[in-house]
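A structural walkthrough
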Amino acid sequence: MTGVPARVAALLPRRTDWTRADLRRDPVAGVMVGLVALPLALGFGVSSGLGAGAGLVTAIVAGALAAVFGGSRVQVSGPTGAMTVVLVPIVAQHGADGVLVVGLMAGLLLVGLGGLGAGRFIRYVPVPVVEGFTLGIAAIIALQQVPAALGTDVHAEKVPALAVRSVAAFARDPQWVTLALTATVVAAILVLGRLRPNWPGPLVVVALATVANVAFSWGATAIGTIPRGLPAPSIPTVPFSDLDALLLPAVAVAALAALESLLSATVADGMAVGERHDPDRELVGQGIANLAAPLFGGLPATAAIARTAVNVRSGAVSRLASLTHAVFLLVVVLVAARWVEEIPLAALAGVLIATAVQMVRVSSVSTLVRSTRGDALILVVTATATLALDLVTAVILGLVVAGFVALQQTARTARLEETPFDDADHTDHTAEERALLDDHVVAYRLEGPLFFAAAHDFLLELSDVGDVRVVILRMSRVTTLDATGAHVLADTISRLESRGTTVLLSGVRPEHERVLRELGVHRELADARHLFASTPDAIAHARQHASRGRPGA
């Protein structure tokens, strides 16, 4: 097959996806991931505003479909903290129906991006942007849990304002038991994570907190728990009248799903021996998962770095592990929903706060802050924008700042330095001619890129050339020449020529000739015979110019 059919076939599941399945290791890894994913799915569902059932449905439906259609053998998908942050304002303004439309449009966008081969562009996202993005998300997730952790019922559009209002409400009416439970859950998960990293710490701690809450309710009022009706999230309808208002949120969801999924797949490649994901197929798989999950009352989903890491560490070698994780969660919904409904909201808040803490790699952030001022600036801007604005805007701002930093660093590599006439240049010159050249001819070597970020400095430096008869510009080491650089070069030549200084160019590359030719610079220099293939040829011509200016010549 060739053309479109071949492209479509390359993005679809194939028999070889399952040839490496291990019936002993993969199911065990899938159950372990399911144990870790259960409290996270519940927590992210509640945090989104659609309820715990929506979180579980997302983990089941999106987890299964992404496992089958995705581009990584060990990736695990479901609800995530980053996606929850994007969905909260959508749920607040448009409800479950708006989430359905956003999920459908985002899914179509992801499938389209995969079909167009956009997956390869993830390699251009700098590490400081990723770390700043992760740091900002962690802060938002933790701040979102403040009302549940303090036992307050407050509302605010911005997450920082929500946390501040919760603290104020707690100060007026403290709920010390709720706060103590949350703090205990956070501390226990972090300690278990260090002492027993292979245990499903969040599940163990949440189970103990649930038992304690049930026992406590016999003698006093229990802490607030997950609302009833867990297994049956409402199936939304499509509000076609809101399509225009939901288009931008859908783009944000698709961008986030693509970014987080491809970053997670890249991390998985580094953890698993011999693993190499297909980025375009991963986008298609996430698109299909996002098309399906909202239809069952779930949330838009993405790959989860934490659950993927657990999957790899547990010994997963194929897609069977991720599929087992989804089946395990389905069994939990069908068999143990009654017990899931007894989980205290404060305990889930503790799980998410602990997850936010574990998301931040202190050593990596510290290294970036100390490395260069540019990296530190990119990280701070991305993290701050994530917290203050929205995730997609934050990534765009981070990329813009990273671009300016990269341009600045690249511009600094451009150099203009005067070069002496070495022995090779003076091979056929007499002592008198050498003195003449030294007195009246100056050569400059241009190195690096001559583009808009560096051209201005070049003009200022070269325009200060003293009273000489000939200036030779050695261009063989110029790596980049854009239209701005060519304009500046033409302006510099005009200024020098107007002062009676002849300008000769040597070693101009063919690709740079085209730029100069479009601006007319190449033609003018060629007509005046001031364009040379090599520096010795330019020096020979410079000797003639210098000789004409000698007294008595």
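What you see is a predicted model, and the numbers here were worked out from it, not measured in a lab.

1. What about the overall build of the protein?
Each helix and strand counted, the protein has 24 helices and 7 strands in total. Put simply, of all contacts in the protein between residues at least 6 apart along the chain, 83% involve residues at least 24 apart. Accessible surface, the protein as shown: approximately 25600 Å² in total, 62% of it carbon and sulfur.

2. Here we look at the packing of aromatic side chains
Scanning the model with the defined rule gives 1 aromatic pair in all. On the basis of an interplanar angle of 80° and a centroid distance of 5.1 Å, the ring pair of phenylalanine 170 and tryptophan 176 is categorised as edge-to-face. What makes tryptophan 176 exposed here is its relative accessible area of 57%.

3. Observations regarding helix α5 (residues 127-144)
With 18 residues, α5 ought to run about 26 Å at 1.5 Å a step, and its terminal C-alpha atoms sit 26 Å apart, in line with that. If you check which residues of α5 are buried, you get Pro128, Val129, Val130, Glu131, Gly132, Phe133, Gly136, Ile137, Ala138, Ile140, Ile141 and Gln144.

4. Quick notes on the environment of alanine 252
With respect to the element layout, alanine 252 can be found in helix α10 (residues 243-271). With residues up to four places along the chain from it excluded, the contact list for alanine 252 reads Val86 and Val392.

5. Brief notes about a nonpolar patch on the surface
Together, Val327, Leu330, Val331, Leu334 and Val335 make up a nonpolar patch on the protein surface, roughly 480 Å² of accessible area in all. Tracing the backbone shows valine 327 in helix α13 (residues 319-335). Since its relative accessible area comes to 48%, valine 327 is described here as partly exposed.

6. Focus: the packing of helix α2 (residues 25-48) against helix α4 (residues 81-115)
A pair of packed helices is characterised by two quantities: the angle between their axes and the separation of those axes. Axis separation between α2 and α4 bottoms out at 8 Å; the angle between their running directions is 25°. One way to sum up the angle between α2 and α4 is to call them roughly parallel. For the pair α2 and α4, the contacting residues are Phe44, Ser47 and Ser48 in the first and Gly81, Thr84, Val88 and Val91 in the second. Among the residues making up the contact of α2 with α4, the classes are represented as 3 nonpolar, 4 polar and no charged.

7. Focus on the pairing of strand β5 (residues 470-481)
Where strand β4 (residues 441-450) lies against β5, 9 bridges are found, and the strand directions are parallel. Across the sheet, proline 449 pairs through a bridge with threonine 480, a residue of β5. Note that β5 and strand β6 (residues 502-506) share 5 bridges and pair parallel. Within β6, the residue paired with isoleucine 472 across the bridge is leucine 504.

8. Brief notes about the pattern of salt bridges
Tallied over the entire structure, the rule returns 6 salt bridges. For glutamate 447, the salt bridge is made with arginine 477, and the minimal N-O distance between the two is 3.1 Å. Note that glutamate 447 is positioned in strand β4 and arginine 477 in strand β5, a separation of 30 residues in sequence. Given the relative accessible area of 12%, glutamate 447 is considered buried. For glutamate 513, the salt bridge goes to arginine 517, with nearest N and O atoms at 3.5 Å. With glutamate 513 and arginine 517 both in helix α22 (residues 510-518) and 4 residues apart, the pair spans about one turn of that helix. Glutamate 513 gets classed as partly exposed once you look at its relative accessible area, which sits at 23%. Look at arginine 517 and you get partly exposed, because its relative accessible area is 44%. One network of salt bridges, with partners in common, ties together Asp17, Arg281 and Arg319.

9. Some remarks on the nonpolar core
Leu42, Ile90, Val185, Val253 and Leu391 are the most contacted members of the largest nonpolar core, which totals 79 residues. Sort the elements by how many residues they give to this core and α4 lands first, with 13 residues. By size, the runner-up hydrophobic cluster in this structure holds 21 residues, among which are Leu450, Leu462, Val471 and Val508.

10. Points about α4
Taking 1.5 Å of rise per residue, 35 residues should cover 51 Å, yet α4 covers just 27 Å from first to last C-alpha, more than 12% shy of that figure. Along its length, α4 shows its largest kink, about 120°, at histidine 94. Two or three places before methionine 83, at the start of α4, stands the capping residue threonine 80, its side-chain oxygen 3.3 Å from that residue's backbone nitrogen. One or two steps after α4, the chain reaches glycine 117, where phi turns positive at roughly 80°.

11. Some remarks on the environment of leucine 12
Relative to the elements of secondary structure, leucine 12 occurs in the loop between α1 (3-10) and α2. C-alpha separation for the pair leucine 12 and glycine 71, spaced 59 residues apart in sequence, amounts to 9.5 Å.

12. As for the pairing of β4
Judged by how many residues are buried, β4 sits mostly within the fold: 10 of 10 residues are covered. The pairing of strand β3 (residues 415-419) with β4 spans 5 bridges and is antiparallel. Paired with glutamate 418 across the strands is tyrosine 444, a residue of β4.

13. Focus on the side chain of threonine 182
Here threonine 182 is to be found in helix α8 (residues 176-195). When near neighbours in sequence (up to four residues on either side) are disregarded, threonine 182 contacts Ala148, Ala149, Ala346, Ala349, Gly350 and Ile353.

Thresholds, definitions, all that
- Residues numbered from 1 in each chain as written.
- Predicted model: local features only at pLDDT ≥ 70, side-chain atom pairs only at ≥ 80, totals over all residues.
- Heavy atoms only, no water.
- Helix = DSSP H or I, 4+ residues; strand = E, 2+ residues; numbered from the N terminus.
- Contact = heavy atoms within 4.5 Å.
- Areas by Shrake-Rupley, 256 points an atom, 1.4 Å probe, with all protein chains shown as cover.
- Phe/Tyr/Trp six-rings, centres within 6.5 Å; stacked < 30°, edge-to-face > 60°.
- Buried < 20%, exposed > 50% of the residue type's maximum accessible area, 1.4 Å probe, protein only.
- Expected span 1.5 Å × (residues − 1).
- Patch = residues over 30% accessible without salt bridge, like charges linked within 9 Å, V, L, I, M, F, W, Y side chains within 5 Å.
- Salt bridge = Lys/Arg side-chain N within 4 Å of Asp/Glu carboxyl O.
- Axes fitted to C-alpha atoms, helices over the stretch in contact; angles between N-to-C directions.
- Parallel < 35°, antiparallel > 145°, perpendicular 65-115°, else oblique.
- Nonpolar A, V, L, I, M, F, W, Y, C, P; charged D, E, K, R; others polar.
- Pairing = 2+ DSSP bridges.
- Core = buried A, V, L, I, M, F, W, Y, C linked by side-chain atoms within 4.5 Å.
- Bend = angle between axes of the 7 residues up to and from the residue.
- Polar contact = N/O pair within 3.5 Å; in protein donor to acceptor, adjacent residues only side chain to side chain.

Any link to function would need more than the numbers given here.
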